[in-house]
Structures are given as C-alpha cells and as structure tokens.
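Geometric and topological summary
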Amino acid sequence: MSRNTILSKKTYLYLTEFFAGMSVMAVELGASRLLAPYFSSSQIVWTIIIGTIMIAMALGNIYGGRKADKDPNPDKLYRRILIAAIWIAAIPVLGKYIILGISALLIFTVSNQFLIIAAFAACMVIFVYPLFLLGTVTPSLAKYTVDSLDDNGRIVGTLGAFNTVGSILGTFLPTFVTIPAVGTAITFLIFAGILLVLAVIYFISEKKTGKKVPVTIAVFLVCCILGHESSFAFWETNLTYEGESIYNYLQVKEDRERVILSTNVLFGVQSVFKKDKSLSGLYYDYAMAAPYMSGVKEKEQVDILILGMGTGTYATQCRRYFDNVNLEGVEIDQKITNLAGEYFSLPPEVKVTTYDGRAYLNTVQEKYDVIMVDAYQDITIPFQMSSVEFFTLVREHLKEDGVMIVNMNMHSSGEGTINGYLSDTIAAVFDNIYTVNVGRTTNRELFASQSRTMQDTFWKNVEKETNQQLADMMKLVGNSLERYVPGDYRMTDDKAPVELLGIQVIDELIQAEVSYYRGIYEREGLSGLLEELVP
C-alpha cells in the first residue's frame, strides 16, 4: 500500500466507499424510474428492484472479499469500478430496448404473472452486473485499509459510515434534484461519470492509464451523446410532451380531436380532453351522474371535490355543463397540474392543491356534495386510499345527501377481484351503492351515498336537463346502474393487497390483447407475426 501514494493516507479509499454507496442508491432509484413507464411504480416493482439489487450486492460482497484476500491489488478494484461506470452509462442508451425486447419475448411465452416476470428479467439483465461490481467495493476496501487488528473495528466502522452517508445522498439527490431537473437518463450519466472520475483519478495517479482509461472515457462520451435525450417511448414520433416528475413518467400526445396524458408507455391512459368540448365518451361522462344524484338542478351551489385531479377533464366538463358548481381538486403531482393548464384547458380559477388526497381530507373541515376519487392508475393503487378508514373519512366530508364517485379503472367483478374488494370495502362504510361499467373501456364507476333517495334524485334532476346530449348520456347511465350487493371482503390500513389484486387484472387484460397475435405466432411463426405487425 505504501507505493500507492493516493491511497497511502486512506482518504481516497473512504471517498471511494462514499461515492460507491451513493451510486448504488442512485442506480436503484433510477431503476424504478426506468421500469415504471413500462411496468408501473407499484410496490411489486419496487420489491423486484430491491430484491434484485440485494442479490447483486450480496454476490459482489462475497466475490470482492475472496478476490481481495487472494490478490490485494487496488488496480483490480478500480478496474471493476470503471466497468461499472460504463455499464451504468450505457443504461440510458440500451435499457429501453432491453426492456421491450424481454417484454416482446415473454408476452408470447408467459401465460400469467407477465408483469412480474418481465420486470424481474429486465432488472436482472440491466442492473445485476454493475451492482455486483459495486458490491465488491466494501470488502476490497476493508482489506486495503485494515493494517492491524488494533484498529480494524474503527476503520471498518468509518468505511461503513462513509458508505451510509453516501447512500443517503444517493437517495435524496436523484429523487429531489437530478430526476426532476434533468431526467432519468442524465441521472444515470451523472453517477456513472462520478464513478468514472473516481477510477480515472486513481489510474492517473498511479501512472497506469494504459489504453483502458482513454477507451473508457471515449465510450462514456458516446453514451452521453446517444443517451442524454433518451425517450422512453422512442417509437412515438408525434409526442407533444415527454418528461418526468418526482412521481411519474409523463407523456402528452394529441391528434385533431383529442389530447391524451399517459403515465405508462405500454398500457393505460390517464386523461383525455376533447378539443371540440363535447362529451368524451369515457368515464368522465358516466361520473357526471354524481352531481345529478346530489341534486345539481335543485341547489343554488354544488360543491365538488376531486381527489386525483389529474389534468382536470372531469372538472372542465362539470364547469361546462353546470353553472352552479364550486370545484376544488387535489393532485399530488404538481407537474401534472402544470400540464393541465398548458395542454388540457383547465380553467385557472379552479383551485388545485398539491397534496395527497387522504392527507388533504385530514386537514380540511369542509363538506361537499360530491367527492370524486380518481387516484387509481393501472396497478398503482394507493392502499391508503382504498381502505375502510379512507372511505370513512370521505363519508365524513360529504353532506347529508352527498355522493362519492369512485373510478375503478379495471373491469373485474366477483369475489376476490380488485373491484370486488374495493366495492365490499366501500359497502362497509356506505349504505347505498350503485355500479356501472363504462362502455368500450376497462373502467367501472361506483356511486355511494348515505341517502336512500340518491337514485330518485338522479332521475328527477335528469328530467330538468335541457342539454339533450347530456340528458341522453345520463339516461344511458341511469338505465345501466346496478345496485351493488356486498360480499365479505374488506381492505383496511393494516391489510390492503391492492397490487397483487390489480396485477391479476392486468394479466388478464394483457392476455386478452395478445391472444390474437399469439394465435398468429403459433400458426405461422415469427414470419407470419412480422407480416401482421409490419404494414
């Protein structure tokens, strides 16, 4: 160790531990953002990421310790850091293609649990190797820094402290600084660059640059050029907007008729706005029944709260058709609210609070005629907004004849399904519940109230509607309403398996979508499938 001047005082070893810990956590958070647009950001995906990274780090610890005992040469450690840096830098360039390639392969071979298997496979291919290499850092540094048994506890403790502090920064910086400011791709490049600089400084100080350092730098620069503006939906050529927030991947696209917001590139649409300001034909129209159920044509003012405001399509429609509504929205993602004003014509006078929906209810005393719960997207269902305790809180914020409308965005019914669980949970809180499936979509709307006359009030107010198109839509909804007969399933703050329930439905939807193409593949092979897919 004495010949290695940069390492002689061990400061550089501590810095190596610090930046390695920082980079591991940054890559972990970057992994969630890379996978989320394709597989969602549910707890299931997070579990896969954390589990995969722990496997990689454990194997790296074992390998690094054995290699350090056999050959305590720092050159090999910093060479591994160089390789990890380049691999991480290549993720923005190649990661999305790997995810789509794995998904395309598995979608024709896996019958169930597609999202779990595809996410796990993608995570293994993309992230295990570089994190395995970074996992070798700690045991290697312990070998290089411990000179005697007299101070080994202090030195190993100091290494652990540097790793922990680095990990803390690696957790906060991507979430609150780099990803919102410059995106996931550049975040990977930033932390890959940190590792690269760390290794390059070592090799320069030891005068051992050889070919590996300039080649590595050149490859890193190529990754920066090709990956700094990486698009998750790279096959889309007409996106109006693509970006990221603290909470979501965000995509806006439009055609002559509509503007659409998506938070997933493979499935799901979160908001739709019709440019001609007509009815959307989607669940927003069906949800318009809630104001009629609460007497919108009889009251001087109807107070409506929307939990999960999104881009404000429902609020915009309510303002368009009712002149006596007071609208208020809660949206946790400020960037979505910004997009609502820029692309979706949300009136600036509509109050939108940036907050979690349940937390907001805990802070206000107001009561509302209508509360819409629209915070569920694909399998990312916030458990804290699906429990008995949450729906009790909603009921407490409704007026005596108030109505709650819940947009359940996956068709499923019967015992043991996600919508069955949600409906039974709501039935434990509300006395009167009606449901209706939204035509030509996967949405189901649920209306709940303590008022026994909600259906009578609905029809009485629909008869007073002068807009014929809206009146016809409400009659369609009214004639399709079914009184819900509750079962025995309940979700509570303590137990709400929303993601496992949701992923069952997603699997069914995916299998239904690909069954046609799978049939072609089974009959005609890959060539037949390509002929069908490529015009």
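Throughout what follows, the structure given in this document is the object of discussion. Note that the structure is a prediction, hence the values are computed from the model and not measured.

Reading the values: rules and limits
- Residues numbered from 1 in each chain as written.
- Predicted model: local features only at pLDDT ≥ 70, side-chain atom pairs only at ≥ 80, totals over all residues.
- Heavy atoms only, no water.
- Helix = DSSP H or I, 4+ residues; strand = E, 2+ residues; numbered from the N terminus.
- Buried < 20%, exposed > 50% of the residue type's maximum accessible area, 1.4 Å probe, protein only.
- Lys, Arg positive; Asp, Glu negative; His and termini not counted.
- Charge placed at Lys NZ, Arg CZ, Asp CG, Glu CD.
- Axes fitted to C-alpha atoms, helices over the stretch in contact; angles between N-to-C directions.
- Parallel < 35°, antiparallel > 145°, perpendicular 65-115°, else oblique.
- Contact = heavy atoms within 4.5 Å.
- Nonpolar A, V, L, I, M, F, W, Y, C, P; charged D, E, K, R; others polar.
- Left-handed = near helix turned anticlockwise from the far one by under 90°.
- Pairing = 2+ DSSP bridges.
- Phe/Tyr/Trp six-rings, centres within 6.5 Å; stacked < 30°, edge-to-face > 60°.
- Arc of directions from axis to C-beta.
- Core = buried A, V, L, I, M, F, W, Y, C linked by side-chain atoms within 4.5 Å.

Once that is clear, we can look at the overall build of the protein. Assigned secondary structure in the protein consists of 18 helices and 12 strands. With the C-alpha coordinates of the protein rotated into their principal frame, the extents come out at 90 × 60 × 45 Å. Going through the 535 residues of the protein one by one, you find that 55% of them count as buried. Computing the positive centroid from 44 side-chain charges and the negative centroid from 56, the protein places the two 9 Å apart.

Any two packed helices are characterised by how steeply their axes cross, that is the angle between the axes, and by the distance between the axes. Look at helix 1 (residues 11–39) against helix 5 (residues 137–145): their axes get within 10 Å of each other, and the N-to-C directions meet at 170°. Taken together, the axis directions place helix 1 and helix 5 in an arrangement best described as roughly antiparallel. Between helix 1 and helix 5, the residues in contact are Leu13, Thr16, Glu17 and Ala20 and Val137, Thr138, Leu141, Tyr144 and Thr145, respectively. Of the residues assigned to the contact of helix 1 with helix 5, the class counts are five nonpolar, three polar and one charged.

Here the focus is the packing of helix 3 (residues 74–107) against helix 4 (residues 114–135). Across the interface, helix 3 lies against helix 4 with an axial gap of 9 Å and an inter-helix angle of 165°. Relative to helix 4, the element helix 3 lies roughly antiparallel. Judged by the sense of rotation from one axis to the other, the crossing of helix 3 with helix 4 is right-handed. In terms of residue class, the contact of helix 3 with helix 4 is made up of 22 nonpolar, two polar and one charged.

Our focus in this paragraph is the sheet that holds strand 3 (residues 258–262). As summarised here, the arrangement of the four strands in space is 1-2-3-4, forming an open sheet in which the pairing is antiparallel. Every other strand in the sheet has two partners, leaving strand 1 (239–244) and strand 4 (271–274) as the edge strands with one partner each. Between one strand and the next, the sheet's axes are offset by a mean angle of 10°, whatever the strand orientation. Taken together, the five bridges between strand 1 and strand 2 (residues 249–254) define a ladder with antiparallel strand orientation. The residue bridging leucine 239 from the neighbouring strand is lysine 253, located in strand 2.

Attention shifts here to the packing of aromatic side chains. By the definition in use, this model includes 16 aromatic pairs. For the ring pair tyrosine 63 and phenylalanine 132, a centre distance of 5.4 Å and an interplane angle of 45° mean the geometry is tilted. In this pair, tyrosine 63 is assigned in helix 2 (residues 43–70) and phenylalanine 132 in helix 4, connecting sequence segments 69 residues apart. An aromatic cluster is built from Tyr12, Tyr78, Tyr202 and Phe203, whose rings are joined through pairwise contacts.

Another point: the sheet that holds strand 5 (residues 302–307). Strand order in the open sheet formed by eight strands is 7-6-5-8-9-11-10-12, and the pairing between neighbours is mixed. The two strands at the open ends of the sheet, each matched to only one other strand, are strand 7 (351–353) and strand 12 (482–483). Pairing of strand 10 (residues 432–437) with strand 11 (residues 444–449) involves six bridges; the strand directions are antiparallel. Looking across to strand 11, one finds that threonine 435 is bridged to leucine 446.

Listed as buried for helix 12 (residues 334–343) are Ile336, Thr337, Leu339 and Ala340. Each buried residue of helix 12 lies within a common arc of 160° when the element is viewed along its axis, so the set occupies one face. Next to the buried residues of helix 12 lie strand 1, strand 2, strand 3 and strand 7. One or two positions beyond helix 12, positive phi appears at serine 345, with a value near 60°.

A few words now on the environment of isoleucine 194. Relative to the helices and strands, isoleucine 194 resides in helix 7 (residues 184–205). Look at isoleucine 194 and you get partly exposed, because its relative accessible area is 24%. Residues isoleucine 194 and methionine 22 lie 172 residues apart in sequence; the distance between their C-alpha atoms is 9.6 Å. Those residues in contact with isoleucine 194, other than ones at most four positions away along the chain, are Phe19 and Met22.

Glancing now at the nonpolar core. Counting 72 residues, the largest nonpolar core has Leu34, Leu35, Phe39, Tyr78, Ile99, Phe127 and Leu131 as the members making the most contacts within it. Sorting the residues of this core by element identifies helix 1, helix 2, helix 3, helix 4, helix 5, helix 6 (152–182), helix 7 and helix 8 (212–227) as the ones contributing at least two each. With 17 residues, the single largest contributor to this core is helix 3.

Each regular strand carries side chains that alternate between the two faces of the sheet. Among the 11 residues that make up strand 9 (residues 398–408), eight are buried, leaving the element largely enclosed by the rest of the structure. Across five bridges, the pairing between strand 8 (residues 368–373) and strand 9 is parallel. Across the sheet, residue methionine 372 finds its bridge partner in strand 9, namely isoleucine 405. With six bridges connecting them, strand 9 and strand 11 associate as antiparallel partners. Paired with valine 403 across the two strands is serine 449, which belongs to strand 11.

Quick look at unusual backbone geometry now. Residue lysine 207 is not a glycine yet carries a positive backbone phi of 55°. One can find lysine 207 in the loop between helix 7 and helix 8. By relative accessible area, lysine 207 is classed as exposed at 74%. Phi is positive for serine 345, which is not a glycine, with a value near 60°. The partly exposed category is assigned to serine 345, whose relative accessible area is 42%.

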